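Now for the letters of each chain:
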Amino acid sequence: MAAQINGGDPESLTEPLIRQSTINSTSQVALVGANICPIESLDYEISENDFFKQDWRSRSKVQIFQYIFMKWLLCFLIGLIVSLFGIGINMAVENLAGIKFVFASNLMIENRYGMAFLLFAGSNLFLTLFAVIITISISPAAAGSGIPEVKAYLNGVDAPGILSFQTLVVKVLGSISAVSSSLVVGKAGPMVHTGACVASLLGQGGSKKYGLTWRWLRFFKNDRDRRDLITCGSAAGIAASFHAPVGGLLFSLEEMASWWRSALLWRSFFTTAIVAIVLRAFIDLCSDDNCGLFGSGGLIMYNVTSTTISYHLSDVPPVLLLGVIGGLLGSLYNFLLNKLLRAYNYINEKNHVYKIILACSISIFTSCLLFGLPFLASCQACPSDSTVICPTVGRSGNYKKFQCAAGHYNDLASLIFNTNDDAIRNLFSNSNDDEFQKSSVIIFFTACFFLSILSYGIVAPAGLIVPLMVTGASYGRFVGILLSSHSNLSSGLFAVLGAASLLGGSTRVTMSLCVIILELTNNLLLLPLIMLVLLVSKTVADAFNRNIYDLIMKMKGFPYLDTHAEPYMRQLTVTDVVSFPLHRFRGIEKVRDIVHVLMITRHHGFPVIDRPPHGGHDVLFGLILRAHLITLLKKKAFSPDHLPMDPTEVLSQFSAQDFAKRGSGYFDRIEDVELTEEEMDMYLDLRAFANTSPYTVVETMSLAKALTLFREVGLRHLLVIPKKSNRSPVVGILTRHDFMPEYILGLHPLLAKGKWKRLRFRFPQISKLF
């Protein structure tokens, strides 16, 4: 990102909020994994210069067809590979966790409770340690959900290592281990990150570092094409997590992508369709118990009911109540998680030993709590009309025996001594409203609510969607039990609505979440109630804070550009925030001067100024990127005289691959360019490589209007030109940094004292009205 920092002093950069006690943050560094890393912006703008125009004109119809065909082929490969990862993760989690629960249950049947606890706690500790150690040692960027990082990338922020091959490996293995360790974490967020990594690696043609490269895939060496592929990858991740192809498509549209167009919609739809087909084939394969302890229910597919759902006007108030509760609990969840992540960071930033100790402490505490809580619940007699074996022994099910006598089951153990997926399936169960006691459901809700917050901060892959779903389903089930005699809705349906309400209250996602839950429950009749509960929960929660992913991005320091401008931006013009000095180049520039400017600045875009052939004032010729300048210096396309280069010579010396964008987080450095004194005194013609049609705004434009242009087009640089023609052709350059509220309020602190500040603090959604 071309940061226009006064004097170019990198020491003036501040760190992300998660490492500060104040709220003054810039956009130049971010917390990636557990480390502070410099970040850059992505170049989504197409560079229209003479060289690239000629390169595109020289392509044959076969090459153009091949380019289009490869886009669809990569979408197919993304869908296929991500669905296979989803299948592998689901099978591994169910079998690893299932074996652990089966052995512990068998020991309890023999009344060897001490050995059962040691086995349960020991296996959980080992799995947690494995997830944390591989994350710390191989790829710290794989820690956490991954959705904030991918969302920031699709907004135009490039952080080191977030889409690398190491991150993909750790994300898959770490999420399997972390979810199997009985920590209250999910795999949906890591699956989104996994899908993005797969798409990024395919778009780059593989990983050169590990020798996994495919030349026939190297068609997309620019940020715009990679952005589209990663959007498809994020949609495939959600589709593979919940067997929800349409929900995954809408999730990438509503929550992940900052730019969308119809062509991308079709490719994302094609990708999620491939995921749905592969998963359907796998469900058929496992329908006869051919997948070990995975079971015969498919991939976390919750068939709530096959009967007709009837509800009346009297059922609307309880649904509204669930929405309000979900909004309040969702905003409280975000607040507590925000505070806890800041506290965890002071531990994680010390050294690796502290990270491991923190993770081990949480694992042991979780194991003690999960093993001990079921003893608080009383045993219940198995229902006489049960269609499944009761009590359940040897695999997952609704009726866990735990410490109960023959013919009885422990309802709290049926929720706790299971994977999160099985717990959700049990809560959504519509077979018997008296299956769970009120006290058991309340205990389970309290444990899930706080354990999911405690577990998320460890340095391991961990998602939030499934924990929020199981927590919301538990209090929804409780409300259903209370109202069972006064409502036409069953307790299982209330659990579905409770899961939707807490998810809506925390993530503030509505449209896609509605479709995901409909695809999970396989019942379209729930649509009006789910829509209602999501709208209410989101509206209530918006009055307190922002969604959880935006809060995490803010803490990490990712410079995310919102869809709306802050009210004070309408009071400022672009010249109020643009920084100086501005470095510019002539059309033909001495090599020594170019090297000097690149050495003393960190800017990534430079205006090219030229004078018309017949005299007159200087004019703006275009904009040249730092990466292109370094490429020209490396190729040593110099001239001994101050003369323009021959266009045919330019095409013979360079190819499009020379200017191709490298992988995410990798940048060429000027320090790596070696030049002799004789070469330093030569000249370089920049005009054939400068973007001759950069986006520009007049200096009197409001900052709010410029932000809209900057975000909607997906720019990295926005040139500010003077209103009068007799001045310098360029006033300055706006970059992502210049639109950050922390930077603007640092320049104009009086704006922070206005009345709007107090209103926005109380009602965050008020800024959307201006």
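Here the structure is a predicted model, which means the values were calculated and not measured. (Residues numbered from 1 in each chain as written. Predicted model: local features only at pLDDT ≥ 70, side-chain atom pairs only at ≥ 80, totals over all residues. Heavy atoms only, no water.)

### Examining the state of the cysteines
Two cysteines form a disulfide when their sulfur atoms are joined by a covalent bond. Per the counting criterion, the structure on display carries one disulfide. Bridging Cys379 to Cys404, the disulfide has an S-S length of 2.0 Å. Where Cys379 bonds to Cys404 through sulfur, the torsion about that S-S bond is close to -90 degrees, and the disulfide is left-handed. Pair noted here: Cys379 is in the loop between helix H11 (352-372) and strand S7 (380-381) and Cys404 is in the loop between S7 and strand S8 (408-409), with a separation of 25 residues, a long-range link. Residue Cys379 is classed as partly exposed on the basis of its relative accessible area, which comes to 32%. Exposure remark for Cys404: the relative accessible area of 3% places this residue in the buried category. (Disulfide = S-S within 2.5 Å. Helix = DSSP H or I, 4+ residues; strand = E, 2+ residues; numbered from the N terminus. Buried < 20%, exposed > 50% of the residue type's maximum accessible area, 1.4 Å probe, protein only.)

### A short note on the pairing of strand S11 (residues 605-610)
In terms of residue burial, S11 counts as a mostly covered element, since six of its six residues are buried. A two-sided burial pattern is seen for S11, the buried positions comprising Gly605, Pro607 and Ile609 on one face and Phe606, Val608 and Asp610 on the other. Here S11 pairs with strand S12 (residues 619-625) via six bridges, running antiparallel. The residue bridging Val608 from the neighbouring strand is Gly622, located in S12. (Pairing = 2+ DSSP bridges.)

### With respect to the packing of helix H2 (residues 61-109) against helix H3 (residues 113-137)
Across the interface, H2 lies against H3 with an axial gap of 7 Å and an inter-helix angle of 165 degrees. Judged on the interaxial angle alone, H3 and H2 are roughly antiparallel. Here H2 and H3 pass one another in a crossing that is left-handed. Residues Lys100, Phe101, Phe103, Ala104, Leu107 and Met108 of H2 lie in contact with H3, whose contacting residues are Tyr113, Met115, Ala116, Leu119, Phe120, Ser123 and Asn124. In the contact of H2 with H3, the residues fall into ten nonpolar, two polar and one charged. (Axes fitted to C-alpha atoms, helices over the stretch in contact; angles between N-to-C directions. Parallel < 35°, antiparallel > 145°, perpendicular 65-115°, else oblique. Left-handed = near helix turned anticlockwise from the far one by under 90°. Contact = heavy atoms within 4.5 Å. Nonpolar A, V, L, I, M, F, W, Y, C, P; charged D, E, K, R; others polar.)

### Some points on the pattern of salt bridges
Inspection of the entire model under this criterion finds 25 salt bridges. Taking the shortest distance from any N to any O, the salt bridge between Asp225 and Lys71 comes out at 3.6 Å. With Asp225 in helix H7 (residues 223-242) and Lys71 in helix H2, this pair connects stretches of sequence that are 154 residues apart. In this structure Lys71 comes out as buried when scored by relative accessible area, which is 15%. With a shortest N-O distance of 2.9 Å, Arg592 and Glu677 are connected by a salt bridge. Of this pair, Arg592 sits in helix H20 (residues 591-600) while Glu677 is found in helix H23 (residues 677-680), placing the two residues 85 residues apart along the sequence. Here Glu677 falls in the exposed class, since its relative accessible area comes to 55%. What you see here is one network of salt bridges that share partners, running through Lys151, Glu255, Arg546, Asp550 and Asp562. (Salt bridge = Lys/Arg side-chain N within 4 Å of Asp/Glu carboxyl O.)

### Brief notes about the sheet that holds S12
Taking strand neighbours across the sheet as the criterion, the three strands line up as S9-S11-S12 in an open arrangement whose pairing is mixed. Both outer strands of the open sheet, strand S9 (585-586) and S12, are each paired with one neighbouring strand and no more. Across the face of the sheet, helix H21 (residues 626-635) comes into contact with S9, S11 and S12 while running at roughly 75 degrees to S12.

### Let's talk about helix H5 (residues 165-180)
Compared with an ideal rise of 1.5 Å per residue, which puts 16 residues at 22 Å, H5 spans 23 Å between its outermost C-alpha atoms and is within 8% of the ideal. For H5, the tally of buried residues reaches 13 of 16 residues, placing the bulk of the element in the interior. Just past H5, the residue Ser182 takes up positive phi, approximately 70 degrees. (Expected span 1.5 Å × (residues − 1).)

### A closer look at the packing of aromatic side chains
Under the definition given, this model contains 21 aromatic pairs. Each ring, one from Phe585 and one from Phe606, has its centre 5.2 Å from the other, and the planes form 50 degrees; the classification is tilted. Of this pair, Phe585 sits in strand S9 while Phe606 sits in strand S11, and the two are 21 residues apart along the sequence. The buried category is assigned to Phe585, whose relative accessible area is 2%. For the pair Phe710 and Phe739, a centre-to-centre distance of 5.0 Å together with 50 degrees between the ring planes defines the contact as tilted. (Phe/Tyr/Trp six-rings, centres within 6.5 Å; stacked < 30°, edge-to-face > 60°.)

### Focus on unusual backbone geometry
Despite not being glycine, Asn111 has its phi angle at roughly 65 degrees, a positive value. Mapped onto the elements of the fold, Asn111 is located in the loop between H2 and H3. Residue Asn111 is classed as exposed on the basis of its relative accessible area, which comes to 54%. Look at His243: it is not a glycine, yet its phi comes out positive at around 50 degrees. One can find His243 in the loop between H7 and helix H8 (245-256).

### Quick word on the nonpolar core
In this structure, Phe242, Phe444 and Ile530 are the most contacted members of the largest nonpolar core, which totals 150 residues. Here this core spans two domains, since at least three of its residues come from each of domain 1 (86-286) and domain 2 (315-375 + 419-556). Excluding its chain neighbours within four sequence positions, the residues that come into contact with Ile530 are Leu497, Ala500, Cys514, Ile517 and Leu518. (Core = buried A, V, L, I, M, F, W, Y, C linked by side-chain atoms within 4.5 Å. Domains from an automatic or database assignment.)

### Some thoughts on the sheet that holds strand S15 (residues 718-721)
The sheet built from three strands is open, its strands ordered S14-S15-S16 with mixed pairing. In this open sheet, the two edge strands, each paired with only one partner strand, are strand S14 (696-698) and strand S16 (732-734). Going from strand to strand, the sheet's axes swing by 35 degrees on average, the running direction of each strand aside. Pairing geometry for S14 and S15, over three bridges, is parallel. Opposite Val698, over in S15, you have Ile721 as the bridge partner. Each of S14, S15 and S16 is contacted by helix H24 (residues 703-713), which is oriented at about 145 degrees to S15, the strand it contacts most.

### Some thoughts on the side chain of Asp610
Along the chain, Asp610 falls in strand S11. Owing to a relative accessible area of 16%, Asp610 belongs among the buried residues under this scheme. Within the structure, the side chain of Asp610 is placed 3.4 Å from the side chain of Arg687, a separation counted as a polar contact. The residues touching Asp610, leaving out its near neighbours within four places in the chain, are Gly587, Asp618, Val619, Phe621 and Arg687. (Polar contact = N/O pair within 3.5 Å; in protein donor to acceptor, adjacent residues only side chain to side chain.)

### Notes on the confidence of the model for the chain
Residues of the chain with pLDDT of at least 70 account for 86%, and the chain-wide mean is 84. Scored below 50 in pLDDT, residues 1-14 makes 44 contacts in the model with residues more than four places away or belonging to other chains. Across residues 19-27 the pLDDT falls below 50, and counting only partners more than four positions away or on other chains, this stretch makes 33 contacts in the model. (pLDDT = per-residue confidence, 0-100.)

### Considering the environment of Thr366
When you line up the elements, Thr366 lands in helix H11. Not counting chain neighbours up to four residues away, the residues in contact with Thr366 comprise Ser182, Leu183, Leu451 and Ser455. Separated by 2.7 Å, the side chain of Thr366 and the backbone oxygen of Ile362 make a polar contact.

### Some words on the environment of Tyr333
Inspection of the secondary structure assignment puts Tyr333 in helix H10 (residues 316-348). Taking the relative accessible area as the measure of exposure, Tyr333 reaches 1% and is therefore buried. In the structure, Tyr333 is positioned 215 residues away from Ile548 in sequence and 8.6 Å away in space, judged by C-alpha atoms. Filtering out sequence-adjacent residues up to four positions away, Tyr333 remains in contact with Phe449, Ser452, Ile453, Leu464, Leu468 and Ser506.

### As for the environment of Met740
Looking at the element boundaries, Met740 is found in the loop between S16 and helix H25 (741-747). Since its relative accessible area comes to 5%, Met740 is described here as buried.

### Section: the packing of H10 against helix H19 (residues 548-556)
Two elements in contact, H10 and H19, have axes whose closest approach is 10 Å; the angle formed by their N-to-C orientations is 25 degrees. With respect to each other, H10 and H19 are oriented roughly parallel. As for how H10 packs across H19, the hand of that crossing is right-handed. Of H19, the residues touching H10 (which contributes Asn334, Leu337, Asn338, Leu341 and Arg342) are Ile548, Leu551, Ile552 and Met555. Split by residue class, the contact of H10 with H19 holds six nonpolar, two polar and one charged.

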